[in-house]
Amino acid sequence: KTCAELHIEEVKKSPTNLSPIFQTAVHNDIATRTESTSGGVFSALAEHFYDLGGYVCGAVYNDDFSVGHLVSNKREDLIRIRGSKHIQSDMSGTFKTIKELSGNGEKVLVCAAPCQIASLRLFLGDKTENLTTVDFICLGINSPKIFRKYIESLENQFGAKAVSVQAKNKDLGWRSLAYKIRFANGKIY
């Protein structure tokens, strides 16, 4: 009901349609930078929100490698949230959870695609005082169905189920932008 693409005129007129602030940075911890996909900035922000007792929302892989969003105040969930997923994510119920938490005075950090952030802001209206949003330069989101078919083809090729997927893995260097997929039989693509 609040898809930014379907309500573009409302988004343009929205008081929450702020001019974006662009920042670049990297996390001080090399291990965090290595495990992250874009320098670890989101991890640093998330760590700060956890320190405040707040909540962090971001994309996570489900067991079938579809992508959903998780809202959590548990620091151990950052490992699942951090890192690009490059697939259209399902945010069912997420906006309501964020509205409830922020409406109750909880600090909430949300990282999502620019269209999802615009839709969230449209959904919340002017009730955003406890909300911090982070989006990214989006080059287009891949179809979950096509991604699932890709994973299935690799599972057939490697003879086992995929157990983890990591975009922008740095084992082959920082500029390789390689996916790293681990399989149940120990093989790695």
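Remember, predicted model here, so these are calculated numbers, not experimental data.

**Some thoughts on the sheet that holds strand E1 (residues 55–61)**
- On the basis of which strands lie adjacent, the open sheet formed by 4 strands has the order E2-E1-E3-E4 and mixed pairing. Strands at the two margins of the open sheet, each flanked by one partner only, are strand E2 (67–72) and strand E4 (131–134). Each neighbouring strand pair of the sheet contributes to a mean axis angle of 25°, computed without reference to strand direction.
- Pairing geometry for strand E3 (residues 108–111) and E4, over 4 bridges, is parallel. Bridge pairing in E4 links Val110 to Thr133.
- Each of E1, E2, E3 and E4 touches helix H5 (residues 94–103); the most contacted strand, E2, lies at about 15° to it.
- Strands E2, E3 and E4 of the sheet are contacted by helix H6 (residues 114–124), whose axis makes an angle of about 160° with E4.

**Describing the environment of Lys149**
- As for its placement among the helices and strands, Lys149 is situated in helix H7 (residues 144–158).
- In sequence terms Lys149 and Gly68 are 81 residues apart; their C-alpha atoms lie 18 Å from each other.

**Quick notes on the pairing of E1**
- Burial of E1 is extensive: 7 of the 7 residues sit out of reach of the surface.
- In this structure, E1 lies alongside E3, joined through 3 bridges in parallel fashion. Within E3, the residue paired with Tyr55 across the bridge is Val108.
- Pairing analysis gives 6 bridges linking E1 to E2, with the strands arranged antiparallel. Its bridge partner lying in E2, Tyr61 is registered against Val67.
- Following E1, the chain reverses through 5 residues before pairing antiparallel with E2; Phe65 in that reversal takes a positive phi of roughly 65°.

**Quick notes on the packing of H5 against H6**
- Here H5 crosses H6 at 55°, and the two axes come no closer than 10 Å. Between H5 and H6, the angle is such that the two are oblique. At the point where H5 passes H6, the crossing takes the right-handed sense. Contacts from Phe95, Lys96, Ile98 and Lys99 in H5 reach Gln116, Ser119, Leu120, Phe123 and Leu124 in H6.
- Looking at side-chain class alone, the contact of H5 with H6 contains 5 nonpolar, 2 polar and 2 charged residues.

Reading the values: the criteria
Residues numbered from 1 in each chain as written. Predicted model: local features only at pLDDT ≥ 70, side-chain atom pairs only at ≥ 80, totals over all residues. Heavy atoms only, no water. Pairing = 2+ DSSP bridges. Helix = DSSP H or I, 4+ residues; strand = E, 2+ residues; numbered from the N terminus. Axes fitted to C-alpha atoms, helices over the stretch in contact; angles between N-to-C directions. Contact = heavy atoms within 4.5 Å. Buried < 20%, exposed > 50% of the residue type's maximum accessible area, 1.4 Å probe, protein only. Parallel < 35°, antiparallel > 145°, perpendicular 65-115°, else oblique. Left-handed = near helix turned anticlockwise from the far one by under 90°. Nonpolar A, V, L, I, M, F, W, Y, C, P; charged D, E, K, R; others polar.

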